[in-house]
Amino acid sequence: MDVTISMQAPVSSVKGVGAKTEQLFQKIGVYTIGDILLRFPREYTKFPEPVEASNISIGQRQAVVLRVEEPAMVKYTRSMPVTICYGRHMDAQIEFLWFRMPYVKNTLKKGQTFILYGMVQDKSGQPSMEQPVIYTEPQYQAVSGSMQPIYGLTAGLTNNLYKKTLRQVLEKGLLLPDCLPAETREACSLAEYNYAVRQIHFPQDFDALAKARRRLVFDEFFLFILSMRLQKEQVQKIENQYVVPDGASGSSGLLQPLLDKLPYQLTGAQRRVLQEIQKDLCGPYIMQRLIQGDVGSGKTILAFLAMYLVSQNGYQSAIMAPTEVLAAQHYETFTQYCSLFGIKAHLVLLTGSMTAKQKRRAYERMQLFSDAMVVGTHALFQEKAVYDSLALVVTDEQHRFGVRQREAFSLKGHCPHILVMSATPIPRTLAIILYGDLDISVIDEAPAKRLPVKNCVVGKGWRPKAYDFIRKEVQAGHQAYVICPLVEASEHSEGENVIDYSEVVKKALPDGVAVEFLHGKMRPDMKNKIMESFAAGEIQVLVSTTVVEVGVNDPNATVMMIEDAQRFGLAQLHQLRGRVGRGDAQSYCIMVNTSDTAGSAKRLEILNKTNDGFLIAAEDLKLRGPGDFFGIRQSGDMAFQLADIYQDARIMQQASEEVQRILDVDPKLEQPAHEGLRKMAMQYLESRMERLNL
């Protein structure tokens, strides 16, 4: 009989998951049965036909025939036991190594034949395979040609163990609840939910995988859009309690002296958006506006001017950044603006890592000055942060927060104006769906004096020249980023990883060049320390994952080198490129394409030819196809687990239309067929925020 699975059951309830394994699962965010079922594969692989040792190819994942002619041996080093076995065919030989797995010796018995699968490497002229997976011939035949899932894991947790645990859960035959109404599934030709979950993990074939992914992508969009629409119901048309006079009442008189002192003129797009903000601030209803502007388009000055207007009318304002480093940089920028404009403003900085004394002083200033301009991180909406008359809330990098966080922040005041900013270039048609609760302003012009970043797409063989170029830029007093797709080397990992690659970069550069690595799994205090050191110029080359996408603003950085560039979406590559080109010096972006496919070269050539983020987004939308979810890193713009706003734009449009159809019939979701939808939408939103660590 079908039974609804308990999503809350701990992963340790699965046979074979002991305390140590449970800790490893928890390191990747898997605490419950639901977590393991709904943590989908990063990519898939097809096991190739087995080859003999004489036909192996260095640098590729291969299945190699091993006829055990001599027993495996175990060597005990100071740090670990190493099991070694040799495969031979004709005059060729390959060495197989297993670390901390002495029991493998008992498996590889003399006279038997196995198929060993793994990455073939050159080790001092000797072909070698480390930690290969061992199959008997019948076992390998069973998986050969099938699509095998590969998961993002941590050291000590193998892909095989993850799959084994997952299979045990699926084999129980338990059912997950399906949140979509039957009418929606039928109207949109969607696969059944439990079928989709099974097939996304262990697909029968490509068609089954495509159907499964389409269903799960639809669910993500549907629940996200539904939650946005429900939220919009609650906040639409709220009366403006903080009227800030417009130009007719003299506010342009407040801003014009500041604009006259700027060392540059605002672009036409900046002036247009500033007028839209001013109109909102003095309108009958509170402002709920998104400023969408490309990297370096000048959003920060508009935020400052809006906050200054509010301050001059006797109200408080606050801007929230996604990282402490960026918050500190905003505070410094605002301080410089005050000096440039010759104005006295009560600026307050509030971040989580400040000492108790520093926080107490910040809280006092927030209570003391009714016109304070507050800059900070999530600490701005903590319980102890009390505002006197909060009239404007600004959030930087919209996709890092979300509706609930904006709501929690805005509750610090009595229905304040809301202004959110994003550097993510999204075509307007998609932005209207994604940001349905906000009015949208677009800054589509770059400042006239800003030097465009020079781009190049190169192959692996160009790396030595890239390192030499970085050396020259560092010697000229500049800094560089090197981006890798992975945190650490792991089973089935195909791309460069931050930890190992930082050592490669250190060896390639002269002694004395400060090289450090950074990734999202580091402790928050350590991440902040690294980013602060880079911003201060103490670190000259930062090897990082995409965690730097919104984390730091360093005008002195002139080189962005992106390894395995084909693994990222175009919009994300553009965001990364935006980390350089922020100062007066010429900046460069080097994209290393490690793929031989024509499709990868075509995609990267778009970035090579233009720095226009909105054009790139539109081209990305055209190029993405149904097969692109193999090997292309999903954009992290909205923190969807599977869905990608570019390649899945049609599914998102369909989900949006279906949400609207349901709400037109049942605005409050009170009908039996829609029972639970509101709850599911809110739960989904909460889970997204947890994944963003908000």
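All of these numbers come straight from a predicted model, not from anything done at the bench.

K.L.:
Before we go on, may I ask you to explain the overall build of the protein chain in this structure?
P.N.:
Along the protein chain, the regular secondary structure elements total 23 helices and 22 strands. Buried positions account for 54% of the 694 residues belonging to the protein chain. In the protein chain, once contacts between residues fewer than 6 apart in sequence are set aside, the share between residues at least 24 apart is 74%. Carbon and sulfur atoms provide 50% of the accessible area of the protein chain, an area that totals close to 30,600 Å².

K.L.:
Sorry if this is basic, but what is going on with the side chain of Arg-463 here?
P.N.:
Within the secondary structure, Arg-463 sits in helix H16 (residues 463-475). Taking relative accessible area as the criterion, Arg-463 reaches 15% and is therefore assigned buried. When neighbours within four sequence positions are excluded, Arg-463 is seen to be in contact with Glu-496, Tyr-501, Met-561, Glu-563, Val-592 and Thr-594.

K.L.:
I keep staring at helix H22 (residues 649-665) and nothing clicks. Help me out?
P.N.:
One turn of the α-helix equals 3.6 residues, which is why residues spaced by three or four share an orientation. With 17 residues, H22 should reach 24 Å at 1.5 Å per residue; the first-to-last C-alpha distance of 25 Å fits that figure. Turning to H22, its buried residues are Ala-649, Ile-651, Met-652, Ala-655, Ser-656, Glu-658, Val-659, Ile-662 and Leu-663.

K.L.:
Whenever I open this one, the sheet that holds strand E21 (residues 557-562) confuses me. Can you help?
P.N.:
Across a sheet, paired strands are connected by hydrogen bonds in the backbone, their directions being either parallel or antiparallel. Read from one edge to the other, the open sheet built from six strands follows the order E17-E22-E21-E18-E20-E19, with strand pairing classed as parallel. Of all strands in the sheet, those bounded by a partner on one side alone are strand E17 (454-458) and strand E19 (515-518). Taken over all neighbouring pairs, the strand axes of this sheet differ in orientation by 15° on average, direction set aside. Judged from the four bridges that link them, strand E18 (residues 479-483) and strand E20 (residues 541-544) form a sheet pairing that is parallel. By the bridge assignment for E20, Tyr-481 is matched with Leu-542. H16 rests against E18, E20, E21 and strand E22 (588-592) of the sheet, and its axis sits at about 165° to E21. On the sheet, helix H20 (residues 598-609) packs against E17 and E22 and is oriented at approximately 160° with respect to E17.

K.L.:
When you look at the side chain of Glu-52 in this model, what are you seeing that I'm missing?
P.N.:
Residue placement: Glu-52 occurs in the loop between strand E1 (43-46) and strand E2 (61-67). The residues touching Glu-52, leaving out its near neighbours within four places in the chain, are Val-65, Arg-67 and His-89.

K.L.:
What am I meant to see in the sheet that holds strand E16 (residues 439-443) here?
P.N.:
On the basis of which strands lie adjacent, the open sheet formed by seven strands has the order E12-E13-E11-E14-E15-E10-E16 and parallel pairing. Edge strands, defined here as strands with exactly one partner in the open sheet, are strand E12 (347-350) and E16. Each adjacent strand pair in this sheet contributes to an overall mean axis angle of 20°, direction not counted. For strand E11 (residues 316-320) and strand E14 (residues 390-396), the ladder comprises five bridges, and the chain directions are parallel. Across the sheet, Ile-319 pairs through a bridge with Val-394, a residue of E14.

K.L.:
Mind showing me how you'd approach the pairing of strand E8 (residues 133-136) here?
P.N.:
Burial of the side chains of E8 is restricted to one face: Val-133 and Tyr-135 are buried, whereas none of Ile-134 and Thr-136 on the reverse face is. As paired strands, strand E6 (residues 113-123) and E8 are joined by four bridges and run antiparallel to one another. Across the sheet, residue Phe-114 finds its bridge partner in E8, namely Thr-136.

K.L.:
Can you help me understand the environment of Glu-49 in this one?
P.N.:
As for its placement among the helices and strands, Glu-49 is situated in the loop between E1 and E2. As a C-alpha pair, Glu-49 and Tyr-140 span 91 residues in sequence and 9.4 Å in three-dimensional space. Every residue in contact with Glu-49, bar those within four places of it in the chain, is listed here: Ala-63 and Ser-144.

K.L.:
What is the right way to look at the environment of Asp-260 in this model?
P.N.:
One can find Asp-260 in helix H9 (residues 251-261). As a C-alpha pair, Asp-260 and Phe-341 span 81 residues in sequence and 9.1 Å in three-dimensional space.

K.L.:
Could you clarify how one ought to interpret the packing of aromatic side chains in this entry?
P.N.:
What characterises a pair of aromatic rings is the spacing of the ring centres plus the angle enclosed by the ring planes. Scanning the model with the defined rule gives 16 aromatic pairs in all. Ring geometry for Tyr-135 against Tyr-140: centres 5.5 Å apart, planes inclined by 75°, an arrangement best described as edge-to-face. Comparing Tyr-135 with Tyr-140 shows no difference in burial state: the two are buried. A ring pair is formed by Phe-218 and Phe-222, whose centres lie 5.9 Å apart and whose planes are at 20°; its orientation type is stacked. Placement of the pair is Phe-218 and Phe-222 together in helix H8 (residues 206-235), with a separation of four residues, close to one helical turn. Given a relative accessible area of 0%, Phe-218 falls into the buried group. A residue is classified by how much of its surface remains accessible, and Phe-222, at 0% relative accessible area, is buried. Every member of this aromatic cluster is reached through a ring pair, and the members are Phe-304, Tyr-308, Phe-334, Tyr-337 and Phe-341. Over the aromatic face of Phe-202 sits the side chain of Arg-167, whose NZ or CZ is 3.8 Å from the ring centroid.

K.L.:
I tried to follow the confidence of the model for the protein chain on my own but got confused; where do I start?
P.N.:
Should pLDDT be low for a region, the predicted coordinates there are not to be read in detail. Mean pLDDT for the protein chain: 84, with 88% of residues reaching 70 or above. Low confidence marks residues 247-252, where pLDDT is under 50. Its contacts with residues over four positions away, or in another chain, come to six contacts. pLDDT under 50 marks residues 625-637. Its contacts with residues more than four places away, or in other chains, come to 43 contacts.

K.L.:
Can you walk me through helix H1 (residues 19-27) in this structure?
P.N.:
For H1, the set of buried residues is Thr-21, Glu-22, Leu-24 and Phe-25. Angular distribution of buried residues about the axis of H1 spans 160°; they occupy a single face of the element. Away from its buried face by more than 90 degrees, H1 exposes Ala-19, Lys-20, Gln-23 and Lys-27. Residues of H1 that are buried in the fold lie against helix H2 (33-37) and helix H5 (159-170). Positive phi appears at Gly-29, one or two residues downstream of H1, with a value of about 85°.

K.L.:
Would you take a moment to explain the pairing of strand E3 (residues 73-76) for this structure?
P.N.:
Note on strand geometry: in a regular strand, side chains alternate between the two faces of the sheet. Bridging between E3 and strand E4 (residues 81-89) involves four bridges; their strand directions are antiparallel. Looking across to E4, one finds that Lys-75 is bridged to Val-82. If you look at the hairpin formed by E3 and E4, you'll find four residues sitting between the two strands.

K.L.:
Even after reading the chapter, I still don't get the pattern of salt bridges, so can you show me in this structure?
P.N.:
By the definition in use, this model includes 18 salt bridges. A salt bridge links Glu-43 to Arg-567, with the nearest nitrogen and oxygen atoms 3.9 Å apart. Of the two residues, Glu-43 is situated in strand E1 and Arg-567 in the loop between E21 and helix H19 (570-577); the sequence distance between them amounts to 524 residues. A relative accessible area of 11% places Glu-43 in the buried class. Across the salt bridge formed by Arg-272 and Asp-444, the nearest N and O atoms sit 3.7 Å from each other. One end of the pair, Arg-272, is in helix H10 (residues 268-281); the other, Asp-444, is in the loop between E16 and E17, and 172 residues separate them in sequence. Put simply, Asp-178, Arg-185, Arg-215 and Asp-219 are held in one network by salt bridges that share partners.

K.L.:
When you look at the nonpolar core in this model, what are you seeing that I'm missing?
P.N.:
Across soluble globular proteins, nonpolar side chains have a tendency to be buried as a group. One finds Tyr-162, Phe-221, Phe-222 and Leu-226 to be the most contacted residues of the largest nonpolar core, which totals 73 residues. The greatest single-element share of this core, amounting to 13 residues, is contributed by H8. Once residues within four sequence positions are removed from consideration, Phe-222 is found in contact with Leu-180, Ala-655, Glu-658, Val-659, Ile-662 and Leu-677. Of all hydrophobic cores here, the second largest spans 38 residues; its members include Leu-262, Leu-266, Leu-347 and Val-394.

Criteria and cut-off values
- Residues numbered from 1 in each chain as written.
- Predicted model: local features only at pLDDT ≥ 70, side-chain atom pairs only at ≥ 80, totals over all residues.
- Heavy atoms only, no water.
- Helix = DSSP H or I, 4+ residues; strand = E, 2+ residues; numbered from the N terminus.
- Buried < 20%, exposed > 50% of the residue type's maximum accessible area, 1.4 Å probe, protein only.
- Contact = heavy atoms within 4.5 Å.
- Areas by Shrake-Rupley, 256 points an atom, 1.4 Å probe, with all protein chains shown as cover.
- Expected span 1.5 Å × (residues − 1).
- Pairing = 2+ DSSP bridges.
- Axes fitted to C-alpha atoms, helices over the stretch in contact; angles between N-to-C directions.
- Phe/Tyr/Trp six-rings, centres within 6.5 Å; stacked < 30°, edge-to-face > 60°.
- Lys NZ or Arg CZ within 6 Å of the ring centre and 35° of its normal.
- pLDDT = per-residue confidence, 0-100.
- Arc of directions from axis to C-beta.
- Salt bridge = Lys/Arg side-chain N within 4 Å of Asp/Glu carboxyl O.
- Core = buried A, V, L, I, M, F, W, Y, C linked by side-chain atoms within 4.5 Å.

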